[in-house]
Every structure is written in structure tokens, then in C-alpha cells.
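Letter by letter, the chains look like this.
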Amino acid sequence: MGTTYQKRYFTISKVGGRHILRWYDEKGSSACNGELSLEGATVTEGSGGNFAVKESRGAQRKFRAASQAEARDWIDAIRKAT
């Protein structure tokens, strides 16, 4: 059984002293579809643009960037925020 990915727009912002990764259907949308706390989170690089973020509380989300280089940019940004 495969994983289906949906195109999303992501932001990392600092809210109340902690960093949050949020995702939206499109750039400029005010309707947030979900979020992850990056405080104490770990990020794991896969191949083909894939990576995973695991919150310190245990929830894990899988992501796919358009390229491995873009995935590494996101991984670096997330690691800086943790």
C-alpha cells in the first residue's frame, strides 16, 4: 500500500516562544490544515525528496519535497528551529 501526497504550502513560525510548522492548501491561505510543534522534534532524511518529522510527543508526519535539494533545505530549517 503506497502513500499519497498532497501539494501543500508550509511555514515555520515562532508562536509563544516555540516554533511551529504549519501547512496550508496554497500560499496566502488563511486556513491552516495542520501543524507540528518543532520543539524537541527530530527530522529524518529519506531519498527522493522524502523526509519525516517526529514531534517530541511522538506524532510523526511524512513529507515529500519537489527534489532532494529542496528536502534538505526544509530539513535544515526544521533542525534550526528545534
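Computed from a predicted structure; not experimentally measured.

What counts, and where the lines are drawn
Residues numbered from 1 in each chain as written. Predicted model: local features only at pLDDT ≥ 70, side-chain atom pairs only at ≥ 80, totals over all residues. Heavy atoms only, no water. Phe/Tyr/Trp six-rings, centres within 6.5 Å; stacked < 30°, edge-to-face > 60°. Helix = DSSP H or I, 4+ residues; strand = E, 2+ residues; numbered from the N terminus. Buried < 20%, exposed > 50% of the residue type's maximum accessible area, 1.4 Å probe, protein only. Core = buried A, V, L, I, M, F, W, Y, C linked by side-chain atoms within 4.5 Å. Contact = heavy atoms within 4.5 Å.

Teacher, can you tell me more about the packing of aromatic side chains here?
The description of an aromatic ring pair rests on the distance of the ring centres and on the angle between the ring planes. Within this structure, the stated rule accounts for five aromatic pairs. Aromatic side chains Phe51 and Phe63 sit 5.4 Å apart centroid to centroid with 25° between the ring planes, which places their arrangement in the stacked category. Taken together, the residues span a long stretch of sequence, with Phe51 in strand S5 (residues 50-54) and Phe63 in strand S6 (residues 60-64) at a distance of 12 residues. You can call Phe51 buried: its relative accessible area is 7%. Phe63 sits in the buried class, given a relative accessible area of 9%. Each member of the aromatic cluster is reached from another via a ring pair, and the members are Phe10, Trp23, Phe51, Phe63 and Trp74.

I'm lost on the nonpolar core in this one. Help?
A general feature of soluble globular proteins is that nonpolar side chains tend to end up buried together. Of all hydrophobic cores here, the largest spans 14 residues; its most connected members are Leu36, Leu38, Val43, Phe51, Val53, Phe63 and Ile78. For this core, the elements supplying multiple residues, two or more each, are strand S2 (18-24), S5 and helix H1 (68-81). Considering every element that reaches this core, the biggest residue donor is H1, with four residues. Every residue in contact with Val43, bar those within four places of it in the chain, is listed here: Phe51, Ala52, Val53, Ile75, Ile78 and Arg79.

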